[in-house]
Amino acid sequence: MILRRESGTAEQAMGRLAGVGPIGVLDIGSNSVRLVIYEHHARTLTPLFNEKAACALGRGVASTGLIADKNAELALKAIARFGLVTKLMEVPVVHVLATSAVREAANGAAFLAQVELLMEAKGHVLSGEEEGYFAARGIISGMPDFSGLVGDLGGGSLEFASVEKGKASRGETFGLGVIRLQDESEMQPEGAAKIAVKRLKKSKLLARCKCEVFCAIGGTWRAFAELMQAQENYPLHMVQGYEVKAKDALNLAKKLVKVAEDVDGIETVSRARRELLAYGAAALIGVLEGAKFKRVVFSSQGVREGYLFELLKPEEAALDPLIDACEEICFLRSRSATHALELEAFTQGFLLALGQSENKSQRRLRIASCLLSDIGWRGHRDYRGEQSVDLIAYNSLLGIDHAGRAFMAEVLAVRYMGLKHESSSIALNTLMGEKAHEYARTLGALLRLAYVLSGAMPQILPEIEFEVNERALNLILPGELSFLASLRLQSRLSQLAKHLGRNDSAIVVR
């Protein structure tokens, strides 16, 4: 069997990058402890293992000053297993990060010492300011163009940091985590909202914030975003990059604080998060009433990713996360990575012949689409399109908003199924404008033509040129490639020409 060595042990699957080692982060929060093991430490982080255990370490810390014994036992039991997982997966480096519960509890140091023994790694207790800073760095890693205020809501605290031109400010922290708000308000969400509003009046970052966008991080705020998506029947069930009007978020937050169980769509929220949701809403009310934000964007990236991002070499940190991720996927899933690079030049040459310019955002999406244009080749021919659309729309890509995902999904839908397709990407088209939709269809039709020309093999596309005028679209083949002319190629060329409003098209051999 090809999956077995002579020794009888399984080889590493080719679905993973060779020559790199995994890296792990154990995140000890006030609500849960989570271990994430990434494929390797790079600009784009791909999780190999991601699991959490709800332990509520922060429960009662504000009043007693101690982590409760039963909660510590729950956490240590989970962490003991996590330690074994890191050994089984041969993770050479694990960063152990602890936040508000451990830093505030009198027995936090003793608890962390036990964690270090179980994980065989040194622990780092983050200050509130560090939490805010690393949360902001996590946002920069996933949304490089983001500018605004970042808020990271945990079980014990809420941290702020501002982001401008790719730089994060020193953070500030407040005792406004969802578990703490539960405790301090005696399980009264409206009381929790009053506490949040009062406490956040002391925020210097919030008071002087002139930015339009607030970025919300943390599990409870992610659940809040999922509820908003359910209420509006949003076509993409993904929190990263989900953006809403601040006034709409504030209205929902106020409803949750008053009558959480009667809010439409509340059943879509997991039971574990449902009881905390009103307290996350209370904290959000304090934020949105403390500054004049116009929009709220939600992120699944936070302290863990920001901590690792900070450790990258400057040249690695400067890479485009979308293109970097697509290059990795292309290398792992396409028939020819060289062909994908040739597609970039081929599509650019076509746009030049067409006299069509593109901005920076369009160029990124075009390059990313070229890199991922062959990811469905192993699928059944009748389902490659839908599979590819799903891989694009629901992949954990970073550096791309929801409109960009919709764009790339439409490109791949047309590339595999043609301009008259009826795939699931149609539901996503509402996330992008009409011009972007038209451009996506043009690019998809061009890729559909390119794969008939090249068969996904390199050295063909660089030899192809186009001639375009107001009436016709002609494809120019050099004499040595005349054998590529076929009825199928002419059909694809005609479809592209018609889409562009050209009545005539021809394959010309020179």
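I will try to describe carefully the structure that is included in this document. These figures come from a predicted structure and were not determined experimentally.

## Some points on the sheet that holds strand E14 (residues 472-477)
Across the sheet, which stays open at both edges, the 3 strands sit in the order E13-E14-E15 with mixed pairing between neighbours. Each edge of the open sheet is held by one strand with a lone partner, namely strand E13 (465-468) and strand E15 (504-509). When strand polarity is set aside, the average angle formed by the axes of neighbouring strands in this sheet is 20°. Inspection of the sheet shows E13 paired to E14 by 4 bridges, in the antiparallel sense. The residue of E14 that forms the bridge with Phe-466 is Leu-475. Sitting on the sheet, helix H21 (residues 487-499) is in contact with E13, E14 and E15, with an inclination near 140° to E15.

## Things to note about the side chain of Glu-305
As for its placement among the helices and strands, Glu-305 is situated in helix H12 (residues 303-310). Setting aside chain neighbours within four positions, we find Glu-305 in contact with Tyr-38, Leu-45, Gly-138, Ser-141 and Ser-300.

## Description of the side chain of Ser-369
Positionally, Ser-369 belongs in helix H16 (residues 360-371). Here Ser-369 falls in the buried class, since its relative accessible area comes to 0%. Not counting the four nearest positions on each side in its chain, Ser-369 is found in contact with Phe-407, Met-408, Val-411, Leu-412, Leu-443 and Leu-447.

## What about the environment of Ala-78?
Turning to its location among the elements, Ala-78 is positioned in helix H2 (residues 69-88). Ignoring sequence-local partners within four residues, the contact set of Ala-78 consists of Val-33 and Ala-53.

## A few points about the pairing of strand E2 (residues 32-38)
Among the 7 residues of E2, 7 are classified as buried, and the element is accordingly described as predominantly covered. Burial along E2 is two-sided: the residues Ser-32, Arg-34, Val-36 and Tyr-38 and Val-33, Leu-35 and Ile-37 are all buried. Pairing of strand E1 (residues 23-28) with E2, which is carried by 6 bridges, proceeds in the antiparallel orientation. Bridged to Ile-28 within E2 is Val-33. Linkage of E1 to E2, two consecutive antiparallel strands, is achieved through a turn of 3 residues. Looking at chain direction, E2 and strand E3 (residues 47-54) are connected through 7 bridges and run antiparallel. From the neighbouring strand, Leu-35 faces E3, where its bridge partner is Glu-51.

The rules behind each value
Every residue gets a number counted from 1 within its own chain, in the order that chain's sequence is written. Restriction of local features to residues with pLDDT of at least 70 applies here, the model being predicted, together with a cutoff of 80 or more for giving and counting side-chain atom pairs; totals for whole chains, interfaces and linings are based on all residues. Hydrogens are left out, water is left out, and the side-chain values use all remaining heavy atoms of the structure. Pairs of strands are assigned from DSSP output, requiring at least two bridges between the strands. What counts as a helix is a DSSP run of H or I of at least four residues, what counts as a strand is a run of E of at least two, and both are numbered from the N terminus. All axes here are fitted lines through C-alpha atoms, helices being fitted over the stretch that makes contact, and every angle between N-to-C directions spans 0 to 180 degrees. Residue contacts follow a heavy-atom distance rule, with two residues in contact if any of their heavy atoms lie within 4.5 Å. Relative accessibility decides the category of a residue: with a 1.4 Å probe and only protein chains considered, values under 20% of the type maximum give buried, values over 50% give exposed, and everything between is partly exposed.

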